[in-house]
Amino acid sequence: MTDVVMDGASAGGTDSSPVALRPMELSDVDRAVALHMCHLPAGFFVQLGPRFLAAYYRSYLTSPAAISLVATVDGATVGFLVGTVDRQAHYRHVARHGRGRLAAVGATALVTNPALLLQFLRTRSARYARGLLRFASQEQDSSHAWDAAVLSHLAVDPRYRRRAAASALVGSFEAIAASCGACAAHVLTRRDNDAARRLYEAHGWGVSGEQVDVDGHSWCSMEKVLPPTLVQRP
């Protein structure tokens, strides 16, 4: 389970200006960070600050196993979505190419905040260390079972939620994941986030379980079986 998997969007109607989707670019990272900080405030990554979040989102732009999209209205970026079509491949990419930058920025945030450092040591340090060792040991062996797509983060500016930006982002994520060969998609939403759950249910996702994270927050696990496509897996 990731630390900040939460949907900041709600289902709604449409307005006069259409929503356009496009791949996230480097110039969109600051806007994505601002949306995340404002509308997805819960989670350890937010506590690490905007510099860490910026490095984190840049890893999605370079990963061949990631999906990163932005929604625009009249040219303005109003929302974003990031996820993976193969979580194991994405983690290996980050472990090989992005962990130095992420580790440096994260370490700086921790040493300047003793309370946050203590929280990290108590709740996450052992798990992160095991993960790095596991993915480092797999660098020479890329064979693994095909992983389901995971929708990691989704946020939409509240002023534009009635224009169906969130719904468009979710639908596009499903289509891209299916075209890449993912047979299912997963997301975690906060248990008390009724709007997020309604959004995913409207797209045919169902609750598959519940879990509690290391900080004591309750989450609903939701999933959807994706239709097979004629596009071959990469």
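Residues numbered from 1 in each chain as written. Predicted model: local features only at pLDDT ≥ 70, side-chain atom pairs only at ≥ 80, totals over all residues. Heavy atoms only, no water.

Engineer: Whenever I open this one, the sheet that holds strand β6 (residues 206-212) confuses me. Can you help?
Structural biologist: Whenever strands of a sheet pair, they do so through backbone hydrogen bonds, lying parallel or antiparallel. Here seven strands make up an open sheet; going across it, the order is β1-β2-β3-β4-β5-β7-β6 and the pairing mixed. Among the strands making up the open sheet, the edge pair consists of β1 (19-23) and β6. Taken over all neighbouring pairs, the strand axes of this sheet differ in orientation by 25 degrees on average, direction set aside. One ladder, built from six bridges, connects β6 with strand β7 (residues 218-225); its direction is antiparallel. What sits directly across from G209, in β7, is S221. Helix α1 (residues 29-39) rests against β3 (76-84) and β4 (149-156) of the sheet, and its axis sits at about 85 degrees to β3. (Pairing = 2+ DSSP bridges. Helix = DSSP H or I, 4+ residues; strand = E, 2+ residues; numbered from the N terminus. Axes fitted to C-alpha atoms, helices over the stretch in contact; angles between N-to-C directions. Contact = heavy atoms within 4.5 Å.)

Engineer: When you look at helix α8 (residues 194-202) in this model, what are you seeing that I'm missing?
Structural biologist: Each α-helix winds once per 3.6 residues, and so residues spaced three or four apart point in a common direction. Of the residues making up α8, those classed as buried are A195, A196, R197, L199 and Y200. Those residues of α8 that are buried are in contact with β4, α7 (165-179), β5 (184-190), β6 and β7. (Buried < 20%, exposed > 50% of the residue type's maximum accessible area, 1.4 Å probe, protein only.)

Engineer: I tried to follow the pattern of salt bridges on my own but got confused; where do I start?
Structural biologist: Within this structure, the stated rule accounts for six salt bridges. Of the charged contacts, one joins E210 and R191 as a salt bridge, the two residues approaching to 3.6 Å between their closest N and O atoms. Note that E210 is positioned in strand β6 and R191 in the loop between β5 and α8, a separation of 19 residues in sequence. Overall, E210 belongs to the exposed group, its relative accessible area being 51%. A salt bridge links R197 to D194; the nearest nitrogen and oxygen atoms lie 2.6 Å apart. Placement of the pair is R197 and D194 together in helix α8, with a separation of three residues, close to one helical turn. We classify D194 as partly exposed; its relative accessible area is 39%. Linked through salt bridges whose partners overlap, the residues forming this network are R31, D157 and R159. (Salt bridge = Lys/Arg side-chain N within 4 Å of Asp/Glu carboxyl O.)

Engineer: How should the packing of aromatic side chains be read in this particular structure?
Structural biologist: Aromatic ring pairs are reported here in terms of the distance separating the ring centres and the angle at which the planes meet. What the rule picks out here adds up to seven aromatic pairs. Judged by centre distance (6.3 Å) and plane angle (40 degrees), the ring pair of Y57 and Y60 falls under tilted. Of this pair, Y57 and Y60 both sit in helix α3 (residues 50-62), three residues apart, which is roughly one turn of the helix. Look at Y57 and you get buried, because its relative accessible area is 0%. Put simply, the rings of F45, F52, Y56, Y57, Y60 and F80 touch in pairs and so form one group of aromatic residues. The cationic tip of R190 hangs over the ring face of W219; the distance from NZ or CZ to the ring centre is 5.6 Å. (Phe/Tyr/Trp six-rings, centres within 6.5 Å; stacked < 30°, edge-to-face > 60°. Lys NZ or Arg CZ within 6 Å of the ring centre and 35° of its normal.)

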